[in-house]
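Geometric and topological summary
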Amino acid sequence: MKLASGPRPLSINLFAAILLALACWNLTVALFDLPAQQDFLASLGLGLEWNRDWTIVTSSAWFTIELIPVVLVWLVAAGFARWFITAMAVIKIVLILSNLPMLYALPGILAGQSISLVAVALLFTPGANAWFNREEADAALFN
């Protein structure tokens, strides 16, 4: 993979900023309330004994995983990343719709999920399409 060059379209910058802000928010909330994050991780039913250290490690790893799409879109302009992110957004929509009572009880989750879905929609603006479909100039053409 080669790093993308040139100015990023506004929609790509907004996508990266939104996902980066959400990832930082999630990590901050997790680290400032470790007992609640530990309870959340335990509620996933993975059968692990969650302690403070594993909660910090898991939260930090999740932060890193959340940054991968930002890197693939903003730094590399990887077209496959747009479709992978879109597929994950479709799964997220299905999960949101399947658990509507939770969203009613926790409106912050709905807000965060809605913001992330808007970020995904930014990947399909005309500027983003040009970003993903740009061709690098072949040096052999100029010889």
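Residues numbered from 1 in each chain as written. Predicted model: local features only at pLDDT ≥ 70, side-chain atom pairs only at ≥ 80, totals over all residues. Heavy atoms only, no water.

1. A short note on the nonpolar core
- Ranked by internal contacts, the top residues of the largest apolar core, which has 20 residues, are Ile12, Phe15, Val73, Ile85, Leu123, Trp131 and Phe132.
- For this core, the elements supplying multiple residues, two or more each, are α1 (10–32), α3 (52–75), α4 (79–98), α6 (107–121) and α7 (126–133).
- A total of four residues in this core trace back to one element, the largest contributor, which is α1.
- Setting aside chain neighbours within four positions, we find Ile85 in contact with Phe15, Pro69, Val73, Val120 and Leu123. (Core = buried A, V, L, I, M, F, W, Y, C linked by side-chain atoms within 4.5 Å. Buried < 20%, exposed > 50% of the residue type's maximum accessible area, 1.4 Å probe, protein only. Helix = DSSP H or I, 4+ residues; strand = E, 2+ residues; numbered from the N terminus. Contact = heavy atoms within 4.5 Å.)

2. Some details on α7
- Those residues of α7 that sit buried are Ala128, Trp131 and Phe132. Seen end-on, α7 carries its buried residues on one side only, within an arc spanning 90 degrees. The exposed set on the far side of α7, more than 90 degrees from its buried face, consists of Pro126 and Asn133.
- Those residues of α7 that are buried are in contact with α1, α3 and α4. (Arc of directions from axis to C-beta.)

3. Things to note about the packing of α1 against α3
- One way to put it is that α1 packs onto α3 with a least axis distance of 10 Å and a crossing angle of 180 degrees. Between α1 and α3, the crossing angle belongs to the class labelled roughly antiparallel. In this structure, α1 contributes Ile12, Asn13, Phe15, Ala16, Leu19, Leu20, Ala23, Cys24, Asn26, Leu27, Ala30 and Leu31 to the contact, and α3 contributes Ile56, Ser59, Ser60, Phe63, Glu66, Leu67, Pro69, Val70, Val73 and Trp74.
- For the contact of α1 with α3, the class distribution of residues is 17 nonpolar, four polar and one charged. (Axes fitted to C-alpha atoms, helices over the stretch in contact; angles between N-to-C directions. Parallel < 35°, antiparallel > 145°, perpendicular 65-115°, else oblique. Nonpolar A, V, L, I, M, F, W, Y, C, P; charged D, E, K, R; others polar.)

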